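# A look at the structure
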Amino acid sequence: MNKILATLAALAIAATSPAAIAFDQLDRFAPLFSDDPQNPLVFTYVAPLGGFTLDNPALYGTDDYVLLNALIDGTGVDASTGIDFTQVSGMLSTGQPPSQLTVLFGKPGFLDASEAALTNRGFTRSEVASLTVMSKGEDYALDLASADDLLGSGMGKAQRLALGEDFLLRSAGWPELNTALANLEKPGPTTALWRATIAGLRQASGESWLDTAIGWNAVGFLDVGDPAQVLLNPDSAKTKQPASAALPVFPHAIIALTQDGGGAAVRIALPFGTAEQAEQAGTIITDRLLAQPSTADTQPSLAVETVASFFVAVVTIEVEGESLADTAKRFASQNNAVMQRGYEVLKLGL
C-alpha cells in the first residue's frame with residue numbers, strides 16, 4: 001500500500017454517503033484481523049457519530065484511555081504528536097499486547113504536522129511500503145519516564161507510526177508493522193470472510209451510522225460448562241442440547257452499535273456458508289435474546305444478507321423511542337458477557 005493508493009482510498013471515502021464512511025474504514029483495514037485461537041477478542045472499532053466527547057455513550061470499546069482522553073480533550077493540533085485530534089473520526093484496535101495494532105482515522109491532512117513534531121522529539125524517519133514511518137525505542141520496550149506520551153498507551157511504549165494520508169497505524173514492534181502493511185497490500189485468506197460479515201452488517205443497517213463494532217472469534221462462544229466439572233470430567237463439556245436446538249457453527253461474530261435519525265440499534269452479524277444455516281442461526285439467536293432479562297422486552301428482527309458466496313445472519317435489537325444511552329447499555333452488556341464467557345445468545349457446544 002502506498003501514498004497514492006491511500007489518497008485514492010481517501011477520495012473514494014469522501015465521495016460516499018456519510019453513513020457509509022465508518023463501514024468503509026472498517027472494511028479497508030479488515031486485512032489486519034487475525035483469529036488467535038487463544039483470544040476471543042479480534043478487534044474493537046469506535047467511530048462515534050456524535051464525536052469523541054466525554055458524554056457520548058457510544059464511546060465503548062477501547063482500552064487505550066490515554067489516547068481516548070486525548071481525542072476527547074483535543075482542541076487542535078497537538079504539539080507533541082502533530083496530530084489534529086479534532087479531525088479524528090475513528091479508532092481501531094486489533095491483536096493482543098505486545099503485538100497490538102492501533103489505527104486512527106481522520107480527515108486527509110490531519111497528520112500534516114506529525115513528521116516535524118515527532119522528529120523534534122527524537123523519532124527516526126524511515127520508509128516502508130512507500131509510507132513514512134516514525135519510530136523510537138527498541139521493539140516492545142517500555143519507558144515509564146515518558147508515560148504521558150499520548151501514543152504510548154500510558155507506558156511510554158516503543159512506537160512505529162506509519163503516516164498515511166487519512167490514517168495513522170501504530171505498533172510497538174517492527175514485525176507487526178511490516179506484516180500489517182504487507183497484509184493491507186495483499187490481504188490474507190481470512191479477510192474475505194471478515195469483509196463479507198462487514199458488508200452484511202452494512203446492508204442490514206441501511207443508512208445507519210456505525211458507532212462501534214467489536215469482532216469476536218468463535219472461541220469466545222464455546223460452551224465448556226462448569227470449569228470445575230470439566231477438570232473432573234472432560235465429557236461434561238459436551239453440549240447437552242438436542243441437535244435441533246444447537247446453533248450452527250460460525251467462525252466469528254461482530255456485535256455493533258448503529259444509529260440514525262430514528263434511534264439506535266444493537267446488531268449481531270454472523271457469516272455462514274448456506275442461507276439455511278443463516279436462517280436457523282438467526283431464529284435461535286432471536287429466541288435466546290427473548291429469554292434474556294436484558295432483552296426480553298425487545299422484538300429482535302432477522303435479516304439474511306447475501307455477500308458473494310456467503311450468507312450473513314444479522315439480528316437487530318431496536319426499541320422504538322429508546323435513547324442512545326439505553327441502547328448503548330444493551331450493547332455494552334452483550335459484549336461484557338462475551339468477555340466473561342457467559343454469553344448464552346451465541347453459545348456453541350463442543
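So, a few notes on the structure that sits alongside this text.

Cut-offs used in this document
Residues numbered from 1 in each chain as written. Predicted model: local features only at pLDDT ≥ 70, side-chain atom pairs only at ≥ 80, totals over all residues. Heavy atoms only, no water. Buried < 20%, exposed > 50% of the residue type's maximum accessible area, 1.4 Å probe, protein only. Helix = DSSP H or I, 4+ residues; strand = E, 2+ residues; numbered from the N terminus. Pairing = 2+ DSSP bridges. Salt bridge = Lys/Arg side-chain N within 4 Å of Asp/Glu carboxyl O.

## Here we look at the pairing of strand S3 (residues 101-106)
Counting buried positions along S3 gives 6 out of 6 residues, so the element sits mostly inside the fold. Residues Leu101, Val103 and Phe105 line one face of S3 and the alternating positions Thr102, Leu104 and Gly106 line the opposite face, and both faces are buried. Here strand S2 (residues 88-94) folds back onto S3 in antiparallel fashion, the turn holding 6 residues, of which Gly95 has a positive phi close to 90°. Relative to strand S7 (residues 167-171), S3 is paired through 4 bridges, and the arrangement is antiparallel. By the bridge assignment for S7, Leu104 is matched with Leu168.

## Digging into the pairing of strand S6 (residues 159-163)
Where burial is concerned, most of S6 is hidden: 5 out of the 5 residues are buried. The two faces of S6 match: Gln159, Leu161 and Leu163 on one face and Arg160 and Ala162 on the other face are all buried. Note: strand S5 (residues 131-136) against S6, 5 bridges, orientation antiparallel. Paired with Ser135 across the bridge in S6 is Arg160. Where S6 and S7 come together, 4 bridges link them in antiparallel fashion. When the sheet's bridge partners are listed, Leu163 is paired in S7 with Leu168. Hairpin remark: S6 followed by S7, antiparallel, with 3 residues in the connecting loop.

## Some remarks on the pattern of salt bridges
Under the defined criterion, the tally for this structure stands at 11 salt bridges. Ionic pairing is found between Glu115 and Arg125, a salt bridge with its closest N-O pair at 2.9 Å. Separated by 10 residues along the polypeptide, Glu115 in helix H4 (residues 114-120) and Arg125 in strand S4 (residues 124-128) bring together distant segments of the chain. Looking at Glu115, the relative accessible area reads 31%, which means it is partly exposed. Judged by its relative accessible area of 42%, Arg125 falls in the partly exposed class. A network of salt bridges, in which partner residues are shared, links Arg121, Lys136 and Asp149.

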